[in-house]
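Residues per chain are reported as follows:
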Amino acid sequence: QVQLVESGGGLVQPGGPLRLSCAASGIVISIYAMDWYRQAPGKQRELVATITSGGFTNYADFVKGRFTISRDNAKNSVYLQMNSLKPEDTAVYYCSVVRVIRYWGQGTQVTVSS
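Definitions and limits used
- Residues numbered from 1 in each chain as written.
- Predicted model: local features only at pLDDT ≥ 70, side-chain atom pairs only at ≥ 80, totals over all residues.
- Heavy atoms only, no water.
- Helix = DSSP H or I, 4+ residues; strand = E, 2+ residues; numbered from the N terminus.
- Rg over C-alpha atoms; globule rule 2.2 N^0.38 Å.
- Buried < 20%, exposed > 50% of the residue type's maximum accessible area, 1.4 Å probe, protein only.
- Contact = heavy atoms within 4.5 Å.
- Areas by Shrake-Rupley, 256 points an atom, 1.4 Å probe, with all protein chains shown as cover.
- Lys, Arg positive; Asp, Glu negative; His and termini not counted.
- Charge placed at Lys NZ, Arg CZ, Asp CG, Glu CD.
- Phe/Tyr/Trp six-rings, centres within 6.5 Å; stacked < 30°, edge-to-face > 60°.
- Core = buried A, V, L, I, M, F, W, Y, C linked by side-chain atoms within 4.5 Å.

(A) A look at the overall build of the protein. The secondary structure content of the protein amounts to zero helices and eleven strands. Secondary structure elements of the protein, listed N to C terminal, follow the sequence β-β-β-β-β-β-β-β-β-β-β. A globule of 114 residues ought to have a C-alpha radius of gyration of about 13 Å, and the protein, at 13 Å, matches this closely. Principal-axis analysis of the C-alpha atoms gives the protein an extent of 40 × 25 × 20 Å. For the protein, the residues scored as buried account for 41% of the 114 residues in total. Taking the contacts inside the protein whose residues are at least 6 apart along the sequence as the reference set, 53% of them involve residues at least 24 apart. Per element, the accessible surface of the protein, about 6000 Å² overall, is 51% carbon and sulfur. Both charge centroids of the protein, one from 11 positive and one from 7 negative side chains, sit 3 Å from each other.

What follows is the structure, given as structure tokens:
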């Protein structure tokens, strides 16, 4: 069974950094594009970043220049390095992959507040 487990979320002050991790099992992620999404209370889930199997990256405008998505296929993991965090970045962050259907992790809470 495909399983994605996010970790690394927490409380951080505005301007601070945080690194999220996504550990995959039941799927070899090396041949798939991987995504990070986020969802704030009362809002739609939105795409944050994607990385293709070849290592090409794309970012939502609201995180461009601040966030970096990366992958380590040997560890079957994907990461999201978040810098210069803003209160509006507060959300549950989800790792995701499409293999026939879209799979989601359980999410990890990121709270940006002073």
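(B) Looking closely at unusual backbone geometry. We note that Asn-76 has phi near 55°; this positive angle belongs to a residue other than glycine. By secondary structure assignment, the location of Asn-76 is in the loop between β7 (67–72) and β8 (77–82). The exposure class of Asn-76 is buried, given its relative accessible area of 16%. Of note in this structure, Ser-84 is not a glycine but carries a positive phi near 50°. Using a relative accessible area of 42% as the deciding quantity, one classes Ser-84 as partly exposed.

(C) Structural detail: the packing of aromatic side chains. Summed over the entire model, instances satisfying the criterion amount to two aromatic pairs. Relative to Trp-104, the ring of Tyr-37 lies with its centre 4.9 Å away and its plane at 70°, an arrangement referred to as edge-to-face. Taken as a pair, Tyr-37 in strand β4 (residues 34–39) and Trp-104 in strand β10 (residues 101–104) lie far apart in primary sequence, 67 residues in all. Overall, the relative accessible area of 14% leaves Tyr-37 in the buried class.

(D) Layout of the nonpolar core. With 29 residues, the main nonpolar core has Trp-36, Leu-80, Met-82 and Tyr-93 as its most contacted residues. Of all the secondary-structure elements, those providing two or more residues to this core are β3 (18–25), β4, β5 (46–51), β7, β8, β9 (91–99) and β11 (108–112). Not counting the four nearest positions on each side in its chain, Met-82 is found in contact with Gly-16, Pro-17, Leu-18, Leu-20, Arg-66, Phe-67, Tyr-93 and Val-110.

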